[in-house]
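Summary of structural features
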Amino acid sequence: MTAAPEQVDVLGVAREQVLEGGVGLSEEQVLDVLRLPDDRIPELLELAHQVRMRWCGPEVEVEGIVSLKTGGCPEDCHFCSQSGQFPSPVRSAWLDIPGLVRAARQTADTGATEFCIVAAVRGPDKRLLSQVRDGIKAIRDDGNDIQIACSLGMLTQEQVDELVAMGVHRYNHNLETARSHFPNVVTTHSWEERWETLRMVRAAGMEVCCGGIIGMGETLAQRAEFAVQLASLEPDEVPLNFLIPNPGTPYEDYPVVEGPDALRVVGAFRLALPRTILRFAGGREVTLGDLGAKQGMLGGVNAIIVGNYLTNLGRPAQDDLDMLRDLSMPIKELGKAL
Ligand code: SF4
């Protein structure tokens, strides 16, 4: 009789491969992590925290975002209350330049290093780009040297070059979910079109910020697929959102992700992306609450968005800054980030 093959423990393997070697987990390994029983979550988070400290360091990157153009987007991303295709309560609105400058100043005052200008569009038109250009100039004229990121949808090569010329430091463009699941989430553009924008952004020398949303009906295998697809892009930052089932969207009745599942995702993504800034973005209050957010920050996350997140109001910036102080986590300073 031959003995049954010994079960390989994925956390044991990860300790050597990821913590010691700095090599992210494979898709199969990520799936094993996502299937860990609840009683192993503390061990997972502890390992993920060690990986983050070893390969990213102790500092936390704080970012504020502002919506320059809200709502009325022609795309049909099923999670998004800013799509003009669904009867959601979000109405189209533009922010003026003085409002943008004020938001940048408030963001810098929290100690944040990054200020992201966001617009709900398929891609920018001339008017939007000239607003962004004027806005960045006004922020600089105000004496604010915070780093500027943009999230303006899909870009042409010419638009990529324009943003570089404006001094935009990082571009956010989420792949949203696994490639195999994307057609169930968005039908008005493809995953590949998004990938092409990211490729141009990277080639032009801007930092790449690319993440997605967990809880849109994807399987555990698709969560693992997504983590590894993101890793292959080698993004500088991955924002991790958990679905908020927004009223009026096709996903309004979806259940929120359970806390233990969200924590497994946090740990698994850190082990797949050992050197990447992993940012808590939308949905963490709903999914994880205060305690869970702390567990996530001690489980591999090393960046947060403070204040408002577009259409879903986050908690006040000060609450998050207090949380970081309680956890003795230093905020990355602008001087070091530049
Ligand atoms: S996610 Fe972006 S592209 Fe999709 S509908 Fe919302 S604003 Fe438009």
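So, here is what we can say about the structure in this document. (Residues numbered from 1 in each chain as written. Predicted model: local features only at pLDDT ≥ 70, side-chain atom pairs only at ≥ 80, totals over all residues. Heavy atoms only, no water.)

Quick word on the environment of Ala138
Residue placement: Ala138 occurs in helix 5 (residues 126-141). Sequence separation of Ala138 and Val101 is 37 residues, and the distance between their C-alpha atoms is 6.6 Å. Contacts of Ala138, omitting those with residues within four sequence positions, involve Ile97 and Val101. (Helix = DSSP H or I, 4+ residues; strand = E, 2+ residues; numbered from the N terminus. Contact = heavy atoms within 4.5 Å.)

Side note on the nonpolar core
The biggest cluster of nonpolar side chains holds 94 residues, and the ones touching the most others in it are Phe115, Leu152, Leu163, Phe242, Phe269, Leu271 and Met297. Take this core: its biggest share by element is eight residues, from helix 9 (residues 259-272). Once you skip the residues sitting within four places of it in the chain, Phe115 turns out to touch Glu63, Gly64, Val66, Leu100, Ala103, Ala104, Thr107, Ile139, Ile146, Gln147, Ile148 and Ala149. The next biggest cluster of nonpolar side chains, apart from the first, holds six residues, and it includes Ile65, Val118, Ala149 and Ile305. (Core = buried A, V, L, I, M, F, W, Y, C linked by side-chain atoms within 4.5 Å. Buried < 20%, exposed > 50% of the residue type's maximum accessible area, 1.4 Å probe, protein only.)

A word on the packing of aromatic side chains
All chains considered together, the criterion is met by three aromatic pairs. When the centroid spacing of 5.3 Å and the interplanar angle of 20 degrees are considered together, the rings of Trp191 and Trp195 count as stacked. Of this pair, Trp191 and Trp195 are both found in helix 7 (residues 191-203), four residues apart, which corresponds to roughly one turn of the helix. Relative accessible area serves as the criterion here: at 27%, Trp195 is assigned to the partly exposed category. An angle of 25 degrees between the planes, with centres 4.3 Å apart, marks the rings of Tyr251 and Tyr254 as stacked. Judged by relative accessible area, which is 31%, Tyr254 ranks as partly exposed. The lysine or arginine in question, Arg275, covers the ring of Trp55, its NZ or CZ lying 4.3 Å from the ring centre. (Phe/Tyr/Trp six-rings, centres within 6.5 Å; stacked < 30°, edge-to-face > 60°. Lys NZ or Arg CZ within 6 Å of the ring centre and 35° of its normal.)

Thoughts on the site of the ligand
All residues in the neighbourhood of the ligand are listed as Cys73, Glu75, Cys77, Phe79, Cys80, Ser83, Ala120 and Val121. Along the lines of polarity and charge, the residues of the shell around the ligand split into six nonpolar, one polar and one charged. (Near = heavy atom within 4 Å. Nonpolar A, V, L, I, M, F, W, Y, C, P; charged D, E, K, R; others polar.)

Some words on the packing of helix 2 (residues 27-34) against helix 8 (residues 220-233)
Relative placement of two packed helices is described by the angle separating their axes and the distance separating the axes. The contact between helix 2 and helix 8 brings their axes to 8 Å, and the two run at 130 degrees. Considered as vectors, helix 2 and helix 8 are oriented oblique to each other. In terms of crossing hand, the pair formed by helix 2 and helix 8 is right-handed. On helix 8, the residues touching Glu27, Val30, Leu31 and Leu34 of helix 2 are Leu220, Ala221, Arg223, Ala224, Glu225, Ala227 and Val228. Considered class by class, the residues forming the contact of helix 2 with helix 8 number eight nonpolar, no polar and three charged. (Axes fitted to C-alpha atoms, helices over the stretch in contact; angles between N-to-C directions. Parallel < 35°, antiparallel > 145°, perpendicular 65-115°, else oblique. Left-handed = near helix turned anticlockwise from the far one by under 90°.)

Focus: helix 5
Counted at 1.5 Å a residue, the expected span for helix 5 with its 16 residues is 22 Å, and the 22 Å between its end C-alpha atoms agrees. Of all the positions in helix 5, only Leu128, Leu129, Gln131, Val132, Gly135, Ile136 and Ile139 are classed as buried. Projected down its long axis, helix 5 carries its buried residues within an arc of 155 degrees, all on one side. Exposed and oriented more than 90 degrees from the buried face of helix 5 are Lys126, Arg127, Lys137 and Asp141. If you follow the buried residues of helix 5, they end up packed against strand 1 (61-70), strand 2 (93-94), helix 4 (97-109), strand 3 (114-119), strand 4 (147-151) and helix 6 (157-166). (Expected span 1.5 Å × (residues − 1). Arc of directions from axis to C-beta.)

What is shown is where atoms sit, not what they do.
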